[in-house]
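Chain by chain, the residues:
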Amino acid sequence: MSATVSAPRCLVCDSVFDVSADWEKGEIIECSGCGQEHEISEKNDAIVRVELAPEIEEDWGE
């Protein structure tokens, strides 16, 4: 008997992510529909939640 995992949706275009068993909390995933990056904020046996990934700014050695 396998548990059903609630698939997260893109916060920009509402596309459904294909959930992978090897996803980890804090991992960055990209929406295949619009390319927006999301960070996995919660993952357990029944649910995966995502937030928009933080923008990483270049500091140019400063």
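Scroll up to find the structure this text is about.
### Considerations on the overall build of the protein
Argument step 1. Secondary structure summary: the protein contains zero helices and three strands in total.
Argument step 2. When each of the 62 residues of the protein is scored for burial, the buried share is 18%.
Argument step 3. In the protein, the share of contacts with a sequence separation of at least 24, taken over all contacts with a separation of at least 6, comes to 27%.
Argument step 4. As displayed, the protein offers around 4900 Å² of accessible surface, 45% of which is attributable to carbon and sulfur atoms.

### Observations regarding the environment of Glu39
Argument step 1. Residue position: Glu39 is located in strand β2 (residues 37–43).
Argument step 2. In sequence terms Glu39 and Glu27 are 12 residues apart; their C-alpha atoms lie 5.6 Å from each other.
Argument step 3. Every residue in contact with Glu39, bar those within four places of it in the chain, is listed here: Gly26, Glu27, Ile28, Arg49, Val50, Glu51, Leu52, Ala53 and Pro54.

### Examining the sheet that holds strand β3 (residues 48–52)
Argument step 1. Judged by pairing direction, the sheet is antiparallel, and its three strands sit side by side in the order β1-β2-β3 without closing on themselves. Where the open sheet ends on each side, the last strands, each with one partner, are β1 (28–30) and β3. Strand after strand, the sheet turns through a mean of 45° between neighbouring axes, direction not considered.
Argument step 2. Here β2 pairs with β3 via five bridges, running antiparallel. Its bridge partner being in β3, Glu39 is matched across the sheet by Glu51.

Cut-offs applied
Residues numbered from 1 in each chain as written. Predicted model: local features only at pLDDT ≥ 70, side-chain atom pairs only at ≥ 80, totals over all residues. Heavy atoms only, no water. Helix = DSSP H or I, 4+ residues; strand = E, 2+ residues; numbered from the N terminus. Buried < 20%, exposed > 50% of the residue type's maximum accessible area, 1.4 Å probe, protein only. Contact = heavy atoms within 4.5 Å. Areas by Shrake-Rupley, 256 points an atom, 1.4 Å probe, with all protein chains shown as cover. Pairing = 2+ DSSP bridges. Axes fitted to C-alpha atoms, helices over the stretch in contact; angles between N-to-C directions.

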